[in-house]
Amino acid sequence: MTELTPIGLLAELTHRCPLGCPYCSNPLELTRANQELDTKTWTRVFEDAASLGAMHVHLSGGEPLVRKDIAELTNAAHLAGLYTNLITSGVGLNAQSLTELRAAGLDHVQISIQGVDPTRADAIAHFKGGAKAKREAARVVVEEGLALTINAVIHRGNIKDLPAIIDLAVEWGAGRLEVAHVQYHGWAIANRASLMPAREDFLTAAKLVEDARKSLEGTLVIDHVIPDYYAERPKACMGGWGRQVIVVTPDGRALPCHAAATLPGFAFDNVKDRSLAEIWETSEAFQKFRGTAWMPKPCQGCDRAEIDWGGCRCQAFAITGNAATTDPACALSPEHTKLREMATADAASGISTYRFRRIGG
Ligand code: SF4
Ligand code: SF4
């Protein structure tokens, strides 16, 4: 039994999405519509999560708005007592759908943007008209008086536009901007050579964020998710494995992190077969890297062991082939140099073509 309580639920309602971002964190093998959980099962999952102590749910995807029952699902999460955050591309969000969602109990909206220039933004999203739709979606969210966060995924193709992206978030009336450098999971790792920025450009961006945080204090809160490949210490992935967040995939698998399904040798329990509480408490997958007992050196005994929890298991596996090793993002990892070399080579690759995300692609 664990005394830990999950803070949040990441509900991946669907993998369907009209966009095709090459940095999408969804897995390469996307779940099809006929495998998705139904409304009733999601309702039970929301109730289970709230009973476990979760405070909020991220209604995510894919694009959650493609679910015909999105208002019903939002209402179910709201009635369960969860703070509801819609994570959307903005495509499909208009005054009518937003009014409906708000009446259902929607508390917050996060819209992702690809950049400021509509043509270039649509090109990276592989979707014509997306940039225009996002602008309109942001307008109606603010007009409805809902809290708005803009999520801007940063990569080699748009890193120099960061000042304009910050201006855009202010212009649109967002209260928060997430400057999120690509995290290399799912489709992003397949496109790493086309997406990786140069280290100098990352450092310039980091300074820009720092300065903007000061100059925009009281107007815009800026979160900065840095690229692990240029970090000295890893992030506490999802707040630590099996500590704060439960991810439920469109077909019902409960994961400690959205990329965990890439790890071999795991049988992830499904909410169709077991309650969320049972999975959280007893499933092998959630317990595997929970705490510090599993840690090898140099994590074992390290004074950051209970701060970053050894970093990301999926990244450790992707780079070293061993999920139970120190995240190579850590400068203390023997594989750190290899990670840096990969980033340097990718940034200098000159590759500018993308493998766009799509179901069956
Ligand atoms: S990252 Fe792009 S493709 Fe992936 S779910 Fe979000 S909008 Fe869709
Ligand atoms: S050695 Fe492990 S616990 Fe210590 S900073 Fe690096 S990843 Fe974190």
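Residues numbered from 1 in each chain as written. Chains lettered and ligands numbered in written order. Predicted model: local features only at pLDDT ≥ 70, side-chain atom pairs only at ≥ 80, totals over all residues.

J.: How do you make sense of the site of ligand 2 when you look at a structure like this?
T.: Every one of the 14 residues lining ligand 2 counts as a neighbour, but Cys 299, Cys 302, Arg 304, Cys 330 and Leu 332 are closest to it. Residue classes in the shell around ligand 2 are distributed as 7 nonpolar, 3 polar and 4 charged. (Near = placed C-beta within 6 Å. Nonpolar A, V, L, I, M, F, W, Y, C, P; charged D, E, K, R; others polar.)

J.: Looking at this model, I keep getting lost on the environment of Arg 253. Mind explaining?
T.: Within the secondary structure layout, Arg 253 lies in the loop between strand E8 (245–248) and strand E9 (254–255). Distance from Arg 253 to Asp 269, taken between C-alpha atoms, is 5.8 Å for residues 16 residues apart in sequence. With sequence-adjacent residues up to four places away left out, Arg 253 is seen in contact with Ala 261, Phe 268 and Asn 270. (Helix = DSSP H or I, 4+ residues; strand = E, 2+ residues; numbered from the N terminus. Contact = placed C-beta atoms within 7 Å.)

J.: Just checking my understanding: could you explain unusual backbone geometry for this structure?
T.: Negative phi values dominate among residues other than glycine, just as trans dominates among peptide bonds. A cis geometry characterises the amide bond from Gly 61 onward to Gly 62, with omega recorded as 10°. With an omega of 5°, the peptide bond between Lys 297 and Pro 298 qualifies as cis. Relative to the helices and strands, Pro 298 is located in the loop between helix H11 (284–288) and helix H12 (305–308). The residue Trp 309 is not glycine, and still its phi comes out positive at about 55°. When you line up the elements, Trp 309 lands in the loop between H12 and helix H13 (313–320).

J.: Just checking my understanding: could you explain the packing of helix H4 (residues 118–125) against helix H5 (residues 130–143) for this structure?
T.: Packed helix pairs are characterised by how far apart their axes lie and by the angle those axes make with each other. Taken N-terminus to C-terminus, the directions of H4 and H5 make an angle of 105°; their axes are 8 Å apart at the nearest point. Here H5 runs roughly perpendicular to H4, going by the angle between their axes. Contacts between H4 and H5 involve Pro 118, Ala 121, Asp 122 and Ala 125 from the first element and Gly 130, Ala 131 and Lys 132 from the second. Of the residues contributing to the contact of H4 with H5, the split by class is 4 nonpolar, 1 polar and 2 charged. (Axes fitted to C-alpha atoms, helices over the stretch in contact; angles between N-to-C directions. Parallel < 35°, antiparallel > 145°, perpendicular 65-115°, else oblique.)

J.: Would you mind showing me how to read the environment of Leu 9 here?
T.: With respect to the secondary-structure elements, Leu 9 resides in strand E1 (residues 8–12). C-alpha of Leu 9 to C-alpha of Val 248: the two residues are 239 residues apart in sequence and 7.6 Å apart in space. Every residue in contact with Leu 9, bar those within four places of it in the chain, is listed here: Ala 49, Ala 54, Val 57, Ile 246 and Val 248.

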